[in-house]
Amino acid sequence: MNERPQTSFLSFVIYFFVFILLVEWLKPVIELTDTDHLKLFSVFLAISFLFYFVKLNWKFTIPIKILFISWVLVAIHTDLSFFSSDSMSYLVNTLQENVKFLIFQQWQEVTDSFRTLLFFILLWMTTYLLNYWIRVRKNILLFFVLTVLFITILDTFTPYNAEKGIIVVLISGFIISGLLYAQKVMTENKVQASSKFLFSIIVSLFGLMAISGVIAYVLPKAGPSWPDPVPFLTSSNPMAEGEGSGKGGSVTRKVGYGENDEKLGGAFLSDDTPVFSATVPRKQYWKIETKDTYTSKGWIQSEGEPQITSYEVGTPIILDIPPGGEENNSSARLEMNPTFNFEFIMQPYGLTNVNAEEPVTLSLDGANQKITSYSDGNLAPLVRYDLSYSEPVYSLKALRGQTEESLNGLTSDFDRYLQLPDTLPSRVRDLAVSITENNNSLYDKAKSIERYFSRNDFRYDQMLAAIPTGDTDYVDQFLFETKIGYCDNFSTSMVVMLRSLGIPARWVKGFTAGEIIGNNNGVPVYEITNNNAHSWVEAYFPEVGWMLFEPTIGFSNSPDIDYDLDISTSEEDTPVPPSEQKPEQDENEKEKKEVSKGFTELMQDGLKWISERKAIIFWSLLGVLILSLLAYQYRRKWISKVLIPVYRIRKNDWDTFEKMYHQLLKQLSSYGLDKDQGQTLTDYAKKIDTYFGGNHMKRLTQTYERGFYGDNRDEIDYALMRESWENLINQLSG
């Protein structure tokens with residue numbers, strides 16, 4: 001180190017903040033790729049910048065870095081001692097094997113240790129480039145801008161949270177830019193700044209950044225104008241695994257009915273494969289099972305004592321939702337698609353018995369309401385069976401008579417239908433209270449929550465359902481952030497809000513009615529496909545029982561109500577509480593929501609368009625890249641044909657001449673004729689004229705200095721200067 005102490009301190013501060021900037025760049029890469037070992041990579045960066053700061057000779061730096069990388073590879077990928085022959089053999093064999101894999105393009109065979117080595121090489125190259133920008137160019141604006149773009153794009157379009165990282169990057173980048181500019185000015189003017197001056201520069205920059213940061217943190221911030229694009233991008237990932245993929249964890253893509261609901265969210269893919277057909281007088285929801293435990297990410301069934309009841313086919317079945325009277329008796333015939341091999345029974349509401357030709361035993365699980373068919377102790381799916389049912393009828397008078405006091409008599413059997421995770425945000429219950437604050441009966445509270453979604457800008461979309469990550473709650477995310485989803489979002493949210501009010505509720509799964517495809521002796525035949533897989537809600541009211549609710553926008557399946565009140569039933573059954581009326585919105589708010597919806601649809605259409613034209617886009621980009629590389633490689637051949645016409649159309653004045661001169665200096669530098677540090681323009685002009693012959697550069701330089709320093713610009717022969725300039729530009733392209 002031959003720099004003065006003041007300059008050395010300034011360089012140290014610059015290198016320190018460049019290190020901070022690069023670590024912030026490194027964090028999302030480590031997190032999103034599950035690479036881990038951030039500390040080890042950070043130590044490597046610190047060592048590299050320290051060597052550049054002290055200007056240690058490469059004969060020492062390269063062996064030390066290689067030794068550190070080798071130690072890391074052995075430490076994190078093996079249990080060997082680094083100072084052993086086995087570790088050295090491991091490193092040599094790893095290098096040899098992976099080089100072969102690369103030569104023969106066996107990319108999948110490349111080992112993790114070799115990938116780590118390649119990552120270290122990338123960091124090595126990056127630090128070398130940054131050192132060049134710091135020492136020679138004294139400008140890292142490009143890297144700073146790219147880092148800001150990199151961090152903000154990842155924060156927007158990936159699950160990575162860069163809230164703190166963006167602040168650190170901006171502060172570090174501005175400090176580095178300010179210090180580098182000060183260093184550049186001192187170098188060009190050959191001025192050695194005093195310690196007091198350097199101290200004032202650094203303190204000023206830190207103070208400015210601190211004040212700006214505090215103001216930015218304190219000022220109120222507007223909410224997002226557009227919905228979070230991460231859920232759509234995640235759910236649209238063609239590599240995402242579906243529920244039936246066999247991998248067991250991911251539900252980012254759902255198709256039809258599935259039994260694993262531990263992780264809700266992601267796209268629900270369209271599939272019109274028929275599951276069963278139903279010959280039935282009127283539309284029915286076909287119930288399969290219920291679930292009682294909400295985990296903040298999805299649903300599971302609580303463990304407890306088995307509640308199994310067996311029935312023979314044709315014998316009455318007793319469910320916890322009693323059937324209606326004999327006047328409502330109906331029957332249905334179901335024919336299953338054998339491909340699906342469903343061993344459970346589809347249940348219409350009010351089911352009384354099941355008839356089938358096969359002598360199977362029906363097993364009812366009272367915990368989840370699922371009915372399964374067995375034969376000789378083994379699962380025996382029924383392909384065809386008949387159902388008898390009588391749709392329940394509910395007394396509106398009885399429903400309206402159930403108030404919060406009615407819940408005091410609930411037994412411990414209903415505790416599982418009131419379960420909520422401890423991590424549920426309090427604002428979910430606060431919302432439920434605000435929705436129902438003007439309702440007295442439990443039934444009216446449930447109806448208010450059921451209607452809330454259709455009246456508060458929620459949107460049904462099978463592709464844009466968010467996938468909660470980290471500590472994010474599935475319901476909280478839907479209610480307050482995305483407001484976009486399908487049946488699972490709406491039904492789960494209603495169950496959770498009902499439970500937060502102390503009303504027992506459970507999550508129900510099955511199928512909707514399907515579409516009519518014909519008739520059998522005048523009875524409609526409905527076809528139910530995978531697209532009809534659905535979820536809804538059942539709420540419990542003391543002295544009334546369990547009752548169906550349908551909160552999903554675009555779906556309806558209201559139970560039969562006996563309007564036995566002495567008032568106008570049409571109004572009474574569909575009250576609109578003041579708290580639920582849609583608030584008036586100004587035009588700006590409406591415009592924001594329209595922009596939000598339009599942007600979401602634009603993203604969806606855009607990604608679909610790209611997906612359909614992947615091959616064309618790939619080859620087009622590859623072609624553009626090749627042409628760009630060729631253009632860059634042979635830029636001296638065509639640069640004159642661009643620059644000369646561009647400047648010919650400009651005026652012959654000082655402003656144009658000054659730009660032409662600086663452009664010439666730039667082209668000379670790219671040609672390889674750099675101006676030496678400390679070399680005057682006059683000496684540089686002699687060097688150029690010696691190389692090309694003539695005195696064009698001397699003439700241009702003398703004119704430039706005379707006009708720049710003497711402000712004598714009116715007497716310049718700009719036409720003559722243009723000839724000299726074009727002569728040199730043409731020689732550079734020759």
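The rules behind the values
The numbers attached to residues start from 1 for each chain and follow its sequence in the written order. Thresholds applied to this predicted model are a pLDDT of at least 70 for local features of residues and 80 or more for the giving and counting of side-chain atom pairs; totals over whole chains, interfaces and linings are not thresholded and use all residues. Hydrogens are left out, water is left out, and the side-chain values use all remaining heavy atoms of the structure. Basic side-chain nitrogens of Lys or Arg form a salt bridge, by our definition, when they fall within 4 Å of a carboxyl oxygen of Asp or Glu. Think of it this way: any DSSP run of H or I at least four residues long counts as a helix, any run of E at least two long counts as a strand, and we number them from the N terminus. Partly exposed describes any residue whose relative accessible area lies between the buried limit of under 20% and the exposed limit of over 50%, with all areas from a 1.4 Å probe on protein chains only and scaled to the type maximum. Each pair of strands is called paired provided DSSP finds at least two bridges between the two strands. Each aromatic pair joins two rings of Phe, Tyr and Trp (for Trp, the six-membered one) with centres within 6.5 Å, and gets the label stacked for planes under 30 degrees apart, edge-to-face for over 60, and tilted for any other angle. Think of it as a cone above the ring: NZ of Lys or CZ of Arg counts as a charge over the ring if it is within 6 Å of the ring centre and within 35 degrees of the ring normal. All axes are obtained by fitting lines to C-alpha atoms, using only the stretch in contact for helices, and the reported angles, taken between N-to-C directions, cover 0 to 180 degrees. Every helix has an expected span of 1.5 Å times one less than the residues it contains.

**Q** An account of the pattern of salt bridges is requested, with residue identities and associated values reported.
**A** Enumeration over the complete set of coordinates arrives at 21 salt bridges. Here Asp-112 and Arg-115 are joined by a salt bridge, their closest N and O atoms 2.9 Å apart. One end of the pair is Asp-112 and the other is Arg-115, both in helix H5 (residues 112-137) and three residues apart, which spans about a single turn. With relative accessibility at 40%, the residue Arg-115 sits in the partly exposed group. Several salt bridges converge on common partners, so that one network encompasses Lys-287, Asp-320, Arg-506 and Glu-538.

**Q** Please set out the sheet that holds strand E11 (residues 370-375) residue by residue, giving values where relevant.
**A** What holds strands together in a sheet is hydrogen bonding between their backbones, with the strands either parallel or antiparallel. The four strands are arranged E7-E10-E11-E12 in an open sheet whose pairing can be described as antiparallel. Lying at the two open borders of the sheet, with one neighbouring strand each, are strand E7 (308-312) and strand E12 (378-379). The pairing of E7 with strand E10 (residues 361-365) spans five bridges and is classified as antiparallel. Bridge pairing links Glu-312 to Thr-361 in E10.

**Q** Explain the packing of aromatic side chains to me, and be specific about the residues and the numbers.
**A** Scanning all chains against the criterion turns up 48 aromatic pairs. Centre to centre, the rings of Phe-414 and Trp-546 are 6.4 Å apart; their planes meet at 35 degrees, and the pair counts as tilted. Here the residue Phe-414 occupies a position in the loop between helix H10 (396-400) and helix H11 (426-436), and Trp-546 occupies one in strand E21 (residues 545-549), the gap between them amounting to 132 residues. Per residue, the accessibility class of Phe-414 equals that of Trp-546, and both read buried. On the basis of an interplanar angle of 55 degrees and a centroid distance of 5.7 Å, the ring pair of Tyr-460 and Phe-555 is categorised as tilted. You can see Tyr-460 sitting in strand E15 (residues 459-460) and its partner Phe-555 sitting in the loop between E21 and strand E22 (560-562), a full 95 residues away along the chain. Judged by its relative accessible area of 29%, Tyr-460 is partly exposed. Look at Phe-555 and you get partly exposed, because its relative accessible area is 29%. Pairwise contacts between aromatic rings join Phe-41, Phe-44, Phe-68, Trp-71, Phe-119, Phe-120 and Trp-124 into one cluster. The ring of Phe-458 has Lys-483 lying over it, and the distance from NZ or CZ to the ring centre is 5.2 Å. Positioned above the aromatic ring of Tyr-257, the side-chain terminus of Lys-509 is 4.5 Å from the ring centre.

**Q** Residue-level account of the sheet that holds strand E3 (residues 274-279), with values.
**A** With antiparallel pairing, the six strands of this open sheet are ordered in space as E9-E13-E8-E3-E19-E18. Both outer strands of the open sheet, strand E9 (351-355) and strand E18 (515-520), are each paired with one neighbouring strand and no more. Here the average twist between neighbouring strands, direction ignored, is 25 degrees. Examined bridge by bridge, E18 and strand E19 (residues 523-529) share five bridges and lie antiparallel to one another. For Asn-519, the partnering residue across the bridge sits in E19 and is Pro-524.

**Q** Before we move on, could you go through the pairing of E18 and cite the residues and values that matter?
**A** Successive side chains on a regular strand alternate, one facing one side of the sheet and the next facing the other. Buried residues are scarce in E18, accounting for zero of its six residues. Hairpin connection between E18 and E19: a loop of two residues separates the two successive antiparallel strands, and Asn-521 in this loop has a positive phi of roughly 55 degrees.

**Q** Tell me about helix H2 (residues 38-54), and name the residues and values.
**A** Taking 1.5 Å as the rise per residue, H2 with 17 residues should run 24 Å; its terminal C-alpha atoms sit 24 Å apart, in good agreement. Taken together, the buried positions of H2 are occupied by Phe-41, Ser-42, Phe-44, Leu-45, Ser-48, Phe-49, Phe-51, Tyr-52 and Phe-53. Immediately downstream of H2, the backbone of Lys-55 shows phi near 55 degrees, a positive value.

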